[in-house]
Amino acid sequence: MNYKPVQILSIGMAVPKKVVTNDDLTKILDTSDEWISTRTGIKQRHIADGDENSTLFGIEAAKDALQKAGVSGEEVDAIVVASSNPYNIYPSTGCAIQEAIGAKNAIAFDITAACTGMLYALEIGRSFVATGKYKNVLLVATDTNTKFLDWTDRTSCVLFGDGAGAILITEAKDGVDDIIALNVNADGTMGRHIQMNLVGDNCPLVEPATSGQQKITMNGKEVYKFVMHTMPESIMKCLEDAGLEPKDIDYLVPHQANLRIIEGLQSRLEFNDEKVIVNIDKYGNTSAASVPIALSEAIASGKIKTPSKAILCAFGAGMAWGSAVVRLREGLK
Ligand code: ACO
């Protein structure tokens, strides 16, 4: 089969307006700005307010990506949405975005791969383009984890923020593939370390189930240990697949979960600060949206210059993790 190469057309993002600082959190928790910023790098996070939800932010990010690429909703052939906390399980967030952007010719569906969702979406999207059946594929990652946090658990609730990112890809007419290498991975045996249950009620004719709580629980230490060996391995494998070395890469755009994890990856790659995209201080961990938000913001601010090559990497519940080496073309918005 003659596989079609992929062009990255544009990156979009959206975050809630409402900002909650570390100092704000001290009003409801026994914590401090000093503890949170030293241990995680987070200073503040954007949080969904009132009726705001992951569908709404997903629509805004999708519109941003379409507008930057000059592509209309009708020209989109497929919408893949990564979300761990969709506003509705069904209809899917993909279908809601399809309606909002007028993508009447597109198929639309959701996937769940927690914080690695955008890399999984990219794997699906590139395969769609590769077959030649779908041309313009819109990948959206949107999460509002703050609605599912235990706000009395200071070990987890300080870490997250809300937002959405979108990547529009298409068939590369010039034959140059922007996805130079991409690997996603999963290890279900580690699943217990980050969980969010969705527990309903049984039929009244059968024994009631123990009612669960839809709150995120996380063993931060175990996640940290796991990530510190899997993520560098994943990045190095991806570079090897790409036939490249760290020195050939211009930027690292990592999942924004903890600054210490990012610094560990930075030192492994021997990158200076200019090459590492960090915005965890402003947004916290926005889960699947974290990598596209970091990419979108860094391109818009000029921190990322094009043409260039970047490593994208993410990890999270599952455990699931992945890395990509991508080409960012001149003028990419
Ligand atoms: N404020 C003040 N003190 C706190 C807070 C807080 N917010 N949270 C914990 N502490 C206390 C603890 O109670 C503990 O006190 P003790 O020593 O008296 O018992 C002390 O600080 C140290 O706690 P640790 O858990 O050992 O802190 P650690 O240095 O491991 O940092 C953290 C915790 C930030 C969660 C870190 O382990 C981490 O970032 N892990 C990775 C998490 C991650 O990346 N998740 C990503 C995936 S999310 C997803 O997929 C949905």
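Residues numbered from 1 in each chain as written. Predicted model: local features only at pLDDT ≥ 70, side-chain atom pairs only at ≥ 80, totals over all residues. Heavy atoms only, no water.

J.: Please set out the packing of aromatic side chains residue by residue, giving values where relevant.
T.: In this structure the tally under the stated criterion is three aromatic pairs. Each ring, one from phenylalanine 226 and one from tryptophan 321, has its centre 5.3 Å from the other, and the planes form 80°; the classification is edge-to-face. Placement of the pair is phenylalanine 226 in helix α7 (residues 220-242) and tryptophan 321 in strand β13 (residues 320-328), with a sequence separation of 95 residues. Lying over the aromatic face of phenylalanine 271, lysine 275 brings its terminal NZ or CZ to 4.2 Å of the ring centre. (Phe/Tyr/Trp six-rings, centres within 6.5 Å; stacked < 30°, edge-to-face > 60°. Helix = DSSP H or I, 4+ residues; strand = E, 2+ residues; numbered from the N terminus. Lys NZ or Arg CZ within 6 Å of the ring centre and 35° of its normal.)

J.: Quick one: what's the story with the side chain of asparagine 258, residue by residue and with numbers?
T.: Among the secondary structure elements, asparagine 258 is positioned in the loop between β11 (251-254) and α8 (259-269). Within polar-contact distance, the side chain of asparagine 258 engages the backbone oxygen of arginine 39 at 3.1 Å. At 2.7 Å, the side chain of asparagine 258 and the backbone nitrogen of arginine 260 are in polar contact. (Polar contact = N/O pair within 3.5 Å; in protein donor to acceptor, adjacent residues only side chain to side chain.)

J.: Run through the sheet that holds strand β8 (residues 179-186), naming residues and quoting values.
T.: In spatial order, the strands read β8-β13-β12-β11; together these four strands make up an open sheet with mixed pairing. Strands with a single pairing partner mark the edges of an open sheet, and in this sheet they are β8 and β11. For this sheet, the mean inter-axis angle between neighbouring strands, taken without regard to orientation, is 15°. This element, α8, spans β11 and β12 (308-316) of the sheet and lies at about 155° to β11. (Pairing = 2+ DSSP bridges. Axes fitted to C-alpha atoms, helices over the stretch in contact; angles between N-to-C directions. Contact = heavy atoms within 4.5 Å.)

J.: Break down the nonpolar core for me, with residues and values.
T.: Judged by nonpolar contacts, the single largest core of 38 residues is most densely connected at Val137, Leu139, Ile169, Val253, Ile304 and Leu312. For this core, the leading source of residues is helix α5 (residues 117-131), giving six residues. Among the domains, domain 1 (6-171) and domain 2 (179-328) are the pair contributing at least three residues each to this core. Residues contacting valine 137, with those up to four places away along its chain left out, are Ala78, Val80, Gly125, Phe128, Val129, Ile167, Leu168 and Ile169. Judged by nonpolar contacts, the second largest core, of 27 residues, contains Leu239, Leu252, Ile261 and Cys313. (Core = buried A, V, L, I, M, F, W, Y, C linked by side-chain atoms within 4.5 Å. Buried < 20%, exposed > 50% of the residue type's maximum accessible area, 1.4 Å probe, protein only. Domains from an automatic or database assignment.)

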